[in-house]
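# Topology and contacts: notes
Take a look at the letters that make up each chain.
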Amino acid sequence: MVPDGDDVDVLIAAPDDPGAWSDWREGLTDWRDESRRSLGHDGAAFTNPAFAWVSDCISTHKILLWDQRFYDRDHHEWRVDAYVDDFEQRFGVLDGVILWHAYPNLGFDRRNQFDFYRRMPGGLDGLRDAIDRLHARGVRVLLDYNPWDRATRREARPDHVVLAELVAALDADGLYLDTMAEAAADLRGALDAVRPGVVLESQSFTPLDRIADHHMSWAEVYRDRPVPGVLRNAWFERRQMLHLVHRWIGDHRSEMQLALMNGAGMVVWENVFGSWNGWSERDAVWLKLWSAARHRHARHFTDGVWSPLAVRPAEGVFASAWDLGGVRLWTIVNRRESWARNVPLDVTADQAADLMAGQDLEATDSRVLLDLPPHGMTAVCEGVSDAQFLTGQRTRWLSLPDASSVGGPRAVVPLSHGAIMRRQQVPDGMVRCGGGTWERRVVMRCRECGDEASASAPDCESHTLPGLHDLVERTVRDELEPFAITPVSITCAEFRTFVETTGYRPRHDDQFLEEQGQDDDPVVFIGPDDARAYASWRGGRLPTEAEWQCAAEGGLLADDSVRVWNWTGPERSDGRTRFCMLKGGADFEARGSRWYPDGGPKEPIFASKYLLLWPGLDRCATVGFRVVADLNRDGNA
């Protein structure tokens, strides 16, 4: 039997004994019928034509707007077509995207989550153009909402009003509710006033009494078992689109199996807030097979009669049935570590088609035989064949790798830093720091963006990165050449002299020197490109993280009038995300959520990772810089 009411888990476990499955299914049906009656759920919200697209939004992608696949910093353009082409070549049809925009940089200064959308390349008009191009490719677009953002600049109007305005301005198809299981009723009303058909997608399982307001939700936190269970919300309302996702795990076949057995959708998420955890080639091919079969018979999963765990055709192999219009569709998964050969499946038609292996199956004595790879899966459709579709699937099936290839993390490489021009003398306004071999302690907050390398947890069964939000310490060995460094951050007056003398104007001047303090305060709202231009003018460059820390621990750095973080070099990239490391801390500190980066003054050993997109967002109210000059080994003190 299935427990009542709130005791029903998000993934309803099935009995291990197949002999108990019939009673279990009856219990499921009784629970669903009673729950619908008690909540007055009639499904009317899912028959509204404005939301008809939801049932086709099966395969989705969470993409960081920082991702170099999506935005080309060098050419200042959104790479929409190349991005969609690349996804569909690897994974199959792309139905929807979540455009992630603010975290993990949100909270370094007072810019709020809405400012991050407004300050994207080209502003809202530029982002609207990218969304229009996604729509032209048939891709639905959801914006991200971070309800925990309360310590940054406050808007004059409530969040739900601002969100509705952004949805209207960008012509978005919905909102993804970060950390939320449900949105307040005023948000639903505000979106309905924009236009019909704007969805809410919760990150965690939507409560049953709010499913009518939330046409989509993630299935991220659940406890899977060897016998595939039933996702509570999928059983309660088949037309709510559940998307399964596991951001850290290295093997995604279990996710795909559970999605297939529940008629759910999938999220591909490889760039986890700046940490690259790519899907393996094997799993990408599996998803392409899965996606084609799932799209081919989408209506079976929304409108058909679902019989969970209808049979167990072999040990470790499980099958569910979906009946629609006299056509039966089977979804079958192999939970074993080995091949399942000649698996018998009883059918009522003379023939059937294996929709993933891409082949017709002739029935003998009302039975077909299947071969399933280790942890493999398929869908079998009775009485229907489509030679062209099966040929395409067969080609993909034959390309399926036997073993997983490495999907991540990717190697991080240094980018631009500044030319080395060694001097004999210490330049005016700088102090000398000797070189040599140095072991230093580095402390960072464990954040999902990682440190100099991507965070990674390929064997993690939880959706949460192990040690998340803890302080992590390591020892680094550096070889330093002698250098000189400005003891304080470059001031507003010094930077103004540079601009007036050289006529410097950045290629993209969005937010350039947007806000400044007094002449002796550190200059801010300058990005790494601006800082390097100034440093080059003075015959220097930005300090490395090690140089900055060496000077600070040696007592060579004085306090600024206003404490700000400092840019260090070189910038780095893993080919997906560009970033640099910040040192020193800032007077500003966003408090109230552990998702914010650390603020306040920091010891020299502390470092923080800052993702780079384009100058208009890179420039920040709490980040300045110092300059170093390279010295000969016998340079004067």
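Residues numbered from 1 in each chain as written. Predicted model: local features only at pLDDT ≥ 70, side-chain atom pairs only at ≥ 80, totals over all residues. Heavy atoms only, no water.

## A word on the packing of aromatic side chains
Scanning the entire structure with this criterion turns up 35 aromatic pairs. On the numbers, 5.3 Å between centres and 50 degrees between planes, the contact of Phe 498 with Trp 537 is tilted. Here Trp 537 lies in helix H13 (residues 528-537) and Phe 498 lies in helix H12 (residues 492-502), a separation of 39 residues in the sequence. Trp 537 sits in the partly exposed class, given a relative accessible area of 39%. Among the aromatic residues, those joined into a ring-pair cluster are Trp 100, Tyr 103, Trp 148, Tyr 176, Trp 218, Trp 269, Phe 273, Trp 595 and Tyr 596. (Phe/Tyr/Trp six-rings, centres within 6.5 Å; stacked < 30°, edge-to-face > 60°. Helix = DSSP H or I, 4+ residues; strand = E, 2+ residues; numbered from the N terminus. Buried < 20%, exposed > 50% of the residue type's maximum accessible area, 1.4 Å probe, protein only.)

## Focus: unusual backbone geometry
In this structure, Pro 104 follows Tyr 103 across a cis peptide bond, with omega equal to 15 degrees. Assignment of secondary structure puts Pro 104 in the loop between strand S5 (96-100) and helix H3 (113-118). The omega torsion of the bond from Gly 569 to Pro 570 falls at -5 degrees, within 30 degrees of zero and hence cis. If you trace the backbone, Pro 570 turns up in the loop between strand S28 (565-567) and strand S29 (572-573). Despite not being glycine, Asp 171 shows a phi value in the positive range, around 55 degrees. Within the secondary structure, Asp 171 sits in the loop between helix H5 (159-170) and strand S7 (174-177). Owing to a relative accessible area of 23%, Asp 171 belongs among the partly exposed residues under this scheme. Unlike most non-glycine residues, His 375 shows phi in positive territory, near 55 degrees.

## Quick word on the pairing of strand S30 (residues 578-583)
Counting buried residues along S30, six of its six residues qualify, which places the element largely inside the surrounding structure. The alternating pattern of S30 places Arg 578, Cys 580 and Leu 582 and Phe 579, Met 581 and Lys 583 on opposite faces, both of which are buried. In terms of strand pairing, S28 meets S30 through two bridges, oriented antiparallel. Of the residues in S30, the one forming a bridge with Asn 566 is Lys 583. Looking at chain direction, S29 and S30 are connected through two bridges and run antiparallel. Bridge pairing in S30 links Arg 572 to Phe 579. A loop of four residues connects S29 with S30, the two strands running antiparallel in sequence, and Gly 575 in this loop sits at a positive phi of about 85 degrees. (Pairing = 2+ DSSP bridges.)

## Overview of the pattern of salt bridges
Using the criterion set out here, one finds 58 salt bridges in the structure. Across the pair Asp 85 and Arg 137 runs a salt bridge whose closest N-O atoms are separated by 2.7 Å. Separated by 52 residues along the polypeptide, Asp 85 in helix H2 (residues 80-91) and Arg 137 in the loop between helix H4 (123-136) and strand S6 (140-145) bring together distant segments of the chain. In this structure Asp 85 comes out as partly exposed when scored by relative accessible area, which is 41%. The exposure class of Arg 137 is partly exposed, given its relative accessible area of 29%. For Asp 251, the salt bridge identified is with Arg 282, shortest N-O distance 3.2 Å. A residue pair is termed long-range when its members are at least 10 positions apart, and Asp 251 in the loop between strand S11 (241-244) and helix H8 (253-262) and Arg 282 in helix H9 (residues 281-296) qualify at 31 residues. (Salt bridge = Lys/Arg side-chain N within 4 Å of Asp/Glu carboxyl O.)

## With respect to the state of the cysteines
One pass over the structure, following the stated rule, counts zero disulfides. As a non-bridged cysteine, Cys 446 has Cys 449 as the owner of its nearest cysteine sulfur, 9.1 Å distant. Counting only cysteine sulfurs, Cys 620 is the nearest neighbor of Cys 492, a cysteine outside any disulfide, at a range of 14 Å. The class of Cys 492 is buried, set by a relative accessible area of 6%. (Disulfide = S-S within 2.5 Å.)

## Concerning the sheet that holds strand S24 (residues 431-433)
Read across the sheet, three strands follow the order S24-S27-S35 without closing on themselves; strand pairing throughout is antiparallel. Where the open sheet ends on each side, the last strands, each with one partner, are S24 and strand S35 (628-630). Between one strand axis and the next, the sheet turns through 30 degrees on average, direction left out of account. The pairing of strand S27 (residues 483-485) with S35 spans three bridges and is antiparallel. Within S35, the residue paired with Phe 483 across the bridge is Asp 630. Across the face of the sheet, helix H14 (residues 545-553) comes into contact with S24, S27 and S35 while running at roughly 70 degrees to S27. (Axes fitted to C-alpha atoms, helices over the stretch in contact; angles between N-to-C directions. Contact = heavy atoms within 4.5 Å.)

## Here we look at helix H1 (residues 21-39)
Each α-helix winds once per 3.6 residues, and so residues spaced three or four apart point in a common direction. With 19 residues, H1 ought to run about 27 Å at 1.5 Å a step, and its terminal C-alpha atoms sit 27 Å apart, in line with that. Among all positions of H1, only Trp 21, Trp 24, Gly 27, Leu 28, Trp 31, Arg 32 and Ser 35 are buried. Seen end-on, H1 carries its buried residues on one side only, within an arc spanning 135 degrees. Those residues of H1 that are buried lie in contact with strand S1 (11-12), strand S10 (230-231), helix H7 (232-236), strand S15 (305-314) and strand S16 (317-324). Gly 40 sits one or two positions beyond H1 and adopts a positive phi of about 65 degrees. (Expected span 1.5 Å × (residues − 1). Arc of directions from axis to C-beta.)

## Thoughts on helix H11 (residues 387-398)
Under the 1.5 Å per step criterion, the end-to-end length of H11 is 16 Å for twelve residues, consistent within 8% with the ideal 16 Å. Taken residue by residue, H11 has Phe 389, Leu 390, Gln 393 and Trp 397 as its buried positions. Angularly, the buried residues of H11 cover 90 degrees about the axis, an arc narrow enough to put them on a single face. Exposed residues pointing more than 90 degrees away from the buried face of H11 are listed as Ala 387, Gln 388, Thr 395 and Leu 398.

## Side note on the pairing of strand S19 (residues 351-354)
As paired strands, S19 and strand S20 (residues 359-362) are joined by four bridges and run antiparallel to one another. For Ala 353, the partnering residue across the bridge sits in S20 and is Asp 360. From the end of S19 to the start of S20, which pair antiparallel, there are four residues, and Gly 358 there has a positive phi angle of about 70 degrees. Here S19 runs beside strand S22 (residues 377-382); their pairing, made up of three bridges, is antiparallel. Residue pairing across strands places Ala 352 opposite Glu 382, the latter belonging to S22.

## Let's talk about the side chain of Ser 217
Considering the arrangement of structural elements, one finds Ser 217 in strand S9 (residues 216-219). When its relative accessible area of 0% is taken as the criterion, Ser 217 is described as buried. Polar side-chain contacts of Ser 217 include one of 3.5 Å to the side chain of Gln 240. Once residues within four sequence positions are removed from consideration, Ser 217 is found in contact with Glu 201, Ser 202, Ser 204, Thr 206, Asn 233, Gln 240, Met 241, Leu 242 and His 243. (Polar contact = N/O pair within 3.5 Å; in protein donor to acceptor, adjacent residues only side chain to side chain.)

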